[in-house]
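# Understanding the architecture of this molecule
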Amino acid sequence: MSKRAFLTGITGQDGSYLAEFLLEQGYEVHGMIRRASTFTTGRIEHLYRDPHNSDARLFLHYGDLTDGQSLTNLILALEPDEIYNLGAQSHVRVSFDQPAYTLQATGAGALNVLEAARQLNKKKTAKVYQASSSEMYGDVLETPQTEKTPFRPQGPYACAKVYAYHQTVNYRESYGLFAVNGILFNHESPRRGETFVTRKITRAAGRIKLGLQDRLYLGNLDAKRDWGFAKDYVRAMWLMLQHHEPDDFVIATGQTHTVRSFLELVFAKLQLDPEQFVAIDPRYFRPAEVNLLLGSAEKARDVLGWKATTTLNELVDLMVDHDLELARQECLIAKSR
Ligand code: NAP
Ligand code: GDD
């Protein structure tokens, strides 16, 4: 019989790649989605078949991380083998505007997942993956950051993730739950949300190249990030749940670059001059900034056999090509009107 996975955050960047990966591995995949006034399933539409077809293996259910009761009902009814908690209010800048909601969705939401898994555990063992974040290191206490580096969170999002991290360890140690933290450094893709800096840059560059936009407003260009490819990173999530014992792992490339160099790389690929099109807007600065992230994924390499396989240059190519094509389609639509 095939394994059953339950994913929160299936409509997001990582959820879509993980669902794709698990379906390829033969899993039956159940995703929780939120009700919205417009469709939010664009990233998984290509995976979705009529659920009444006998070959359908992806199923969607309404729910919300802040609604512990419905989440528990779902998990108890579905009895998944593996639970991936990828849902979160995941935008750091937005978390300063909505700290209480971020705590509910990103922090308490993770607790709701763990509690539901604990209840299910009386009947059936379900392994839990918690989407922890390099943002927890904040004002970093050592470089590179490893599983042993202490956290010094710099904002509401990071504080909520630190809470979720510790609860994951707590449920493992208190109740023997197979619960793991993947401490993932920034990972990007053509499916990255358009308000995160890499996608904001590639999307704008494609539109500028085709004359659809003439300005890109950004914040702090000096921050450094360890950027990998999301598709590589979801494989690591799965590997953590296949390991014989639950543990926490850093997933990173081991390379760091400034936002400015990412911008220059993208614009150079399209023969554009950033000086001509980019302006700084203080609205995009954060009350507290995380200046430097650089991860060491040595433990994941040694224990799980995982390592990043996509270079920053290759990632930029993927994103630029995708967003240039998107801009071309925008031009065609505009012309046909
Ligand atoms: P994303 O694209 O922003 O996706 C977030 C997902 O969470 C979406 O499916 C969203 O649903 C869902 N969600 C938000 N609030 C929810 C709620 N209250 N109840 C249920 N679902 C909710 O994020 P991502 O980049 O895929 O990241 C996946 C996870 O990894 C997140 O937990 C993020 O914090 C964490 N993480 C990400 C990175 C990274 O670099 N990408 C690094 C480390 C950790 P809607 O579509 O309805 O909004
Ligand atoms: N979003 C954004 N928009 N960021 C900007 C901008 C801008 O216009 N201009 C400069 N930046 C800088 C930010 O200040 C930050 O230092 C860096 O670009 C990266 O910002 P984001 O792409 O928004 O990502 P993040 O590092 O804050 O958070 C992402 O990575 C975390 C892992 O470290 C998110 O995916 C989090 O959910 C994730 O946990």
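The rules behind these values
- Residues numbered from 1 in each chain as written.
- Chains lettered and ligands numbered in written order.
- Predicted model: local features only at pLDDT ≥ 70, side-chain atom pairs only at ≥ 80, totals over all residues.
- Heavy atoms only, no water.
- Helix = DSSP H or I, 4+ residues; strand = E, 2+ residues; numbered from the N terminus.
- Contact = heavy atoms within 4.5 Å.
- Expected span 1.5 Å × (residues − 1).
- Near = heavy atom within 4 Å.
- Polar contact = N/O pair within 3.5 Å; in protein donor to acceptor, adjacent residues only side chain to side chain.
- Areas by Shrake-Rupley, 256 points an atom, 1.4 Å probe, with all protein chains shown as cover.
- Nonpolar A, V, L, I, M, F, W, Y, C, P; charged D, E, K, R; others polar.
- Salt bridge = Lys/Arg side-chain N within 4 Å of Asp/Glu carboxyl O.
- Buried < 20%, exposed > 50% of the residue type's maximum accessible area, 1.4 Å probe, protein only.
- Domains from an automatic or database assignment.
- Buried area = accessible area lost by both parts, 1.4 Å probe.
- Pairing = 2+ DSSP bridges.
- Axes fitted to C-alpha atoms, helices over the stretch in contact; angles between N-to-C directions.
- Phe/Tyr/Trp six-rings, centres within 6.5 Å; stacked < 30°, edge-to-face > 60°.

### A closer look at the environment of N121
Along the chain, N121 turns up in helix α4 (residues 99-121). C-alpha separation for the pair N121 and G176, spaced 55 residues apart in sequence, amounts to 9.6 Å. Sequence-distant contacts of N121, that is, excluding residues within four places in its chain, are made with A126 and L177.

### Overview of helix α5 (residues 156-175)
An α-helical turn contains 3.6 residues, so any two residues separated by three or four positions project in the same direction. An ideal rise of 1.5 Å per residue puts 28 Å on 20 residues; α5 measures up with 28 Å between its terminal C-alpha atoms. In this fold, the buried residues of α5 make contact with α3 (92-97), α4, β5 (127-133) and β6 (179-184). Trailing α5 by a residue or two, G176 shows a phi angle of about 70 degrees, which is positive.

### Observations regarding the site of ligand 1
Among the 25 residues in the neighbourhood of ligand 1, the closest are listed as T11, R34, S90, Y157 and K161. Take Q13: an N or O atom from its main chain is 3.0 Å from an oxygen atom of ligand 1. The side chain of S90 places a nitrogen or oxygen atom 2.7 Å from an oxygen atom of ligand 1. A total of 900 Å² of accessible area belongs to ligand 1 in isolation, and the protein chains cover 89% of it. Elements that contribute at least two residues to the shell around ligand 1 include exactly α1 (13-24), α4, β5 and α5. In terms of residue count, the dominant contributor to the shell around ligand 1 is β5 (3 residues). Counted by class, the shell around ligand 1 contains 10 nonpolar, 10 polar and 5 charged residues.

### Some points on the pattern of salt bridges
Counted under the stated rule, the structure contains 22 salt bridges. Its salt-bridge partner being E79, residue K123 comes within 2.8 Å of it at the nearest N-O pair. One end of the pair, K123, is in the loop between α4 and β5; the other, E79, is in the loop between α2 (68-78) and β4 (82-85), with 44 residues separating them in the sequence. In this structure, R203 and E330 form a salt bridge, with 3.2 Å as the shortest nitrogen-oxygen distance. A residue pair is termed long-range when its members are at least 10 positions apart, and R203 in helix α6 (residues 197-209) and E330 in helix α11 (residues 312-336) qualify at 127 residues. Residue R203 is classed as buried on the basis of its relative accessible area, which comes to 15%. One salt-bridge network, in which partners are shared between bridges, spans E194, R199, R203, R207, D323 and E330.

### Quick notes on the domain arrangement of the protein chain
Annotation of the protein chain at the domain level lists domain 1 (4-189 + 227-251) and domain 2 (197-223 + 257-292 + 311-336). Measuring from the centre of the C-alpha atoms in domain 1 to the corresponding centre in domain 2 gives 28 Å. At the interface, 15 residues of domain 1 touch 19 residues of domain 2. Summed over both sides, the interface of domain 1 with domain 2 buries roughly 1,400 Å², with 69% coming from carbon and sulfur. Counting residues per element, the side of domain 1 that touches domain 2 draws most heavily on α3, at 3 residues. Classifying every residue of the side of domain 1 that touches domain 2 by side-chain character gives 5 nonpolar, 7 polar and 3 charged.

### Let's talk about the sheet that holds β5
Pairing within the open sheet is parallel, and its 7 strands lie in the order β3-β2-β1-β4-β5-β6-β11. Unpaired on one side and paired on the other, β3 (58-62) and β11 (249-251) mark the two borders of the sheet. Across the sheet, the mean angle from the axis of one strand to that of its neighbour is 20 degrees, orientation sign disregarded. Relative to β6, β5 runs parallel, the two being bridged by 6 bridges. Bridge pairing links A131 to G182 in β6. Packing of α2 onto the sheet brings it into contact with β1 (4-8), β2 (28-33), β3 and β4, and relative to β1 it is tilted by some 170 degrees.

### Some thoughts on the site of ligand 2
As a matter of local geometry, ligand 2 sits amid 24 residues, with S133, S134, Y157, R286 and E289 nearest to it. Interatomic distance of 2.6 Å between a side-chain N/O atom of E289 and an oxygen atom of ligand 2. When the free accessible area of ligand 2 is taken as 710 Å², the share hidden by the protein chains comes to 96%. Listed by contribution, the elements that provide at least two residues to the shell around ligand 2 are α6 and β8 (216-218). In terms of residue class, the shell around ligand 2 is made up of 10 nonpolar, 8 polar and 6 charged. Viewed by domain, the shell around ligand 2 spans two of them, domain 1 (4-189 + 227-251) and domain 2 (197-223 + 257-292 + 311-336), each represented by three or more residues.

### Some details on the packing of aromatic side chains
Evaluated as defined, the whole model comprises 9 aromatic pairs. Seen in terms of ring centroids, F151 and Y165 are 4.9 Å apart; in terms of plane orientation they differ by 85 degrees. Their pairing is edge-to-face. Taken together, the residues span a long stretch of sequence, with F151 in the loop between β5 and α5 and Y165 in helix α5 at a distance of 14 residues. Each ring, one from Y171 and one from Y175, has its centre 4.9 Å from the other, and the planes form 65 degrees; the classification is edge-to-face. Residue Y171 and its partner Y175 are both found in helix α5; the two are separated by 4 residues, about one turn of the helix. Among the residues examined, Y171 registers a relative accessible area of 6% and is labelled buried.

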